[in-house]
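Reading the structure
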Amino acid sequence: PFELYPIIYQLDHAGIRSWSITALTALFTGMVLALQFATGLEKYGGSMYTGKLASLGIVRELGPTLTALLVGGRVGSGFAAELGSMVVNEQVDAIRSIGSDPIKKLVVPRVIACIIALPLLTMLADVVGIFGAMLITMREVGVSGKFFFGQVTDTLGMVDLLHGLGKSVFFGYFIGIIGCFVGLNTTGGTEGVGISTTRAVVLISITLLVSNYILSTIFVALYG
């Protein structure tokens, strides 16, 4: 039978418990991005466009990518360590012995939770990052909050939002599937659990960065 509770539990672990680090990172990323744009464009007389560039960069790239890297390092390593410990302690074999499917019981809830959590966390990162960019733009450029949000609404469209959120769905799948795969293939006892945890973080980070370029290329070609 379909079990909803494991998905809710993993959603809490992967999503709700990751909101604070996501918001904090997005806030300071937006602030730094706005500071660099405001300073760099000032010599060309284009500092008034800081809001347009910062919001577009956050929504399309920095929001989904940084969120995925943070969640991937935190959640993916946790999946690998947890499942790796179950493998070396023969708990996965015990699940098989009672006639249950370890993939359905252990992997599917984690992957579904990551696919759901990443777009939600990405939206949080977008909002907080744009808010941080607004604070710095108001201070450095001297514009009002109303003017900044006017630039944001004029620049961002549904295509830009779907560009970032679409990538986050794929990122969530990669985080969940790689963390579980590495964990279930753990060997070598407790030492192997540590090795699998490190391997999961490395593989997830590389996969996210490579797939970010590939997905961005595809989305730009399709939607501009």
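The model shown is predicted, which means the values in this text are computed figures rather than measured ones.

1. Structural notes on the pattern of salt bridges
This structure, assessed with the given rule, holds six salt bridges. Between aspartate 12 and arginine 17 there is a salt bridge whose closest N-O contact spans 3.0 Å. Aspartate 12 sits in the partly exposed class, given a relative accessible area of 23%. Between aspartate 93 and arginine 96 there is a salt bridge whose closest N-O contact spans 3.3 Å. Of this pair, aspartate 93 and arginine 96 both sit in helix H4 (residues 91-97), three residues apart, which is roughly one turn of the helix.

2. Focus: a nonpolar patch on the surface
Nonpolar side chains collect at one region of the surface, where Val159, Val202, Ile206, Val210, Tyr213, Ile214, Ile218, Leu222 and Tyr223 lie side by side and expose about 900 Å² of accessible area between them. Looking at which element gives the most residues to the nonpolar patch, the answer is helix H8 (residues 189-223), with eight residues. Residue position: tyrosine 213 is located in helix H8.

3. Details of the packing of helix H1 (residues 5-14) against helix H5 (residues 102-140)
Contact geometry for H1 and H5: axes closest at 8 Å, N-to-C directions at 45°. By the angle between their axes, H1 is oblique relative to H5. Every pair of crossing elements has a handedness; the one defined by H1 and H5 is right-handed. Between H1 and H5, the contacting residues are Pro6, Ile7, Gln10, Leu11 and Ala14 on the first element and Pro109, Arg110, Ile112, Ala113, Cys114, Ile116, Ala117 and Leu121 on the second.

Definitions and cut-offs
Residues numbered from 1 in each chain as written. Predicted model: local features only at pLDDT ≥ 70, side-chain atom pairs only at ≥ 80, totals over all residues. Heavy atoms only, no water. Salt bridge = Lys/Arg side-chain N within 4 Å of Asp/Glu carboxyl O. Buried < 20%, exposed > 50% of the residue type's maximum accessible area, 1.4 Å probe, protein only. Helix = DSSP H or I, 4+ residues; strand = E, 2+ residues; numbered from the N terminus. Patch = residues over 30% accessible without salt bridge, like charges linked within 9 Å, V, L, I, M, F, W, Y side chains within 5 Å. Areas by Shrake-Rupley, 256 points an atom, 1.4 Å probe, with all protein chains shown as cover. Axes fitted to C-alpha atoms, helices over the stretch in contact; angles between N-to-C directions. Parallel < 35°, antiparallel > 145°, perpendicular 65-115°, else oblique. Left-handed = near helix turned anticlockwise from the far one by under 90°. Contact = heavy atoms within 4.5 Å.

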